[in-house]
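# Structure at a glance
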Amino acid sequence: MARRTKEDALATRTSLLDAAERVFQAQGVSGTSLQDIAAAAGASRGAVYWHFKDKADLFNAMMERVTLPLEDALEQAGDGAEPLPQLRAALLSALRRTATDPQTRRVFEVATQKVEYTDALGKVRERHLAVRSQSVQRMKQALQRSALARGRTLPIPAAAAARGLHAMVDGLIQNWLLDPASFRLEAAGRQAIDAYLAGLGLN
């Protein structure tokens, strides 16, 4: 019976997160109440508060379902003496999933186009900044190790190179989400990433 209760609770949580994706995409985050999400999930408002502290907590949980695999891939890219192939693969995986996986695309669209960093969503902004900082740091480490493995010196500081690489990939995703028909995200991303790395002397 206890196991069934856990399964029911997990199913309710999943249903609430699925509903949040749809309603946030349709109405924007600020324009969506927890009651809206509960209604879309066929649950009570109390069920929302059972699983999530507030809207920011729910939003961050929704993001983690999509971004944690990508964050893990980027973290693994920092391992080893020559991490460049893993870094490149992790970045291309993020582009591929955005272009081909409807859930990833929907969540990234909400995160880039449907959220306002109001006081009530301060925790959302904090997580966004923390994830960005961690991603840039992992890119920096990967670029440094790759340059060292090749016996080369980066033409600009590793921190600046990492910020530029992150901004380029992030910008590609945001621009593609605005108009997916304008270019092929993974193909354009592969060309841009390879050109950027070549410019750093890491080809």
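Residues numbered from 1 in each chain as written. Predicted model: local features only at pLDDT ≥ 70, side-chain atom pairs only at ≥ 80, totals over all residues. Heavy atoms only, no water.

## What to know about the pattern of salt bridges
- As enumerated under the stated definition, the model contains eight salt bridges in all.
- Here E126 ties to K123 by a salt bridge, and the two come within 3.7 Å at their closest N and O atoms. Of this pair, E126 and K123 both sit in helix α7 (residues 122-149), three residues apart, which is roughly one turn of the helix.
- Its relative accessible area of 47% is what places E126 among the partly exposed residues. (Salt bridge = Lys/Arg side-chain N within 4 Å of Asp/Glu carboxyl O. Helix = DSSP H or I, 4+ residues; strand = E, 2+ residues; numbered from the N terminus. Buried < 20%, exposed > 50% of the residue type's maximum accessible area, 1.4 Å probe, protein only.)

## Topic: the packing of helix α5 (residues 84-100) against helix α8 (residues 158-178)
- Where α5 meets α8, the closest approach of the two axes is 10 Å, and the angle between their N-to-C directions is 10°. Our classification of the angle between α5 and α8 gives roughly parallel. Note that α5 runs across α8; the crossing there is right-handed. Facing L87, L91, L95, T98 and A99 of α5, the residues of α8 in contact are L165, V169, I173, W176 and L177.
- In the contact of α5 with α8, the residues fall into nine nonpolar, one polar and no charged. (Axes fitted to C-alpha atoms, helices over the stretch in contact; angles between N-to-C directions. Parallel < 35°, antiparallel > 145°, perpendicular 65-115°, else oblique. Left-handed = near helix turned anticlockwise from the far one by under 90°. Contact = heavy atoms within 4.5 Å. Nonpolar A, V, L, I, M, F, W, Y, C, P; charged D, E, K, R; others polar.)

## Considerations on the nonpolar core
- Counting residues in each nonpolar core, the largest one holds 53 residues, and the members touching the most others are F24, I37, L58, F59, M62, L87 and L143.
- Counting residues per element, this core draws most heavily on α8, which supplies nine residues.
- The residues contacting F24, other than those within four sequence positions of it, are V29, T32, I37, K55, L58, F59, M62, V110 and K114. (Core = buried A, V, L, I, M, F, W, Y, C linked by side-chain atoms within 4.5 Å.)

## With respect to the confidence of the model for the protein
- When pLDDT is averaged across the protein, the result is 90; 94% of the residues are at 70 or more.
- Mean pLDDT values over the elements of the protein span from 82, in helix α4 (residues 55-77), up to 97, in helix α9 (residues 185-199). (pLDDT = per-residue confidence, 0-100.)

## Digging into α8
- In this model, α8 (21 residues) spans 30 Å end to end at C-alpha, consistent with the 30 Å of a helix rising 1.5 Å per residue.
- Where α8 is buried, its residues contact α5, α6 (102-113), α7 and α9. (Expected span 1.5 Å × (residues − 1).)

## Comments concerning the packing of aromatic side chains
- Scanning the model with the defined rule gives one aromatic pair in all.
- Taking 5.9 Å as the distance between ring centres and 50° as the angle between the ring planes, the aromatic pair formed by F24 and F59 counts as tilted. On the criterion of sequence distance, the pair formed by F24 in helix α1 (residues 2-27) and F59 in helix α4 is long-range, its members being 35 residues apart. Accessibility assignment for this pair places F24 and F59 in one class, buried. (Phe/Tyr/Trp six-rings, centres within 6.5 Å; stacked < 30°, edge-to-face > 60°.)

## A word on α6
- Counted at 1.5 Å a residue, the expected span for α6 with its twelve residues is 16 Å, and the 16 Å between its end C-alpha atoms agrees.
- Buried within α6 we find T104, V107, F108, E109, V110 and A111.

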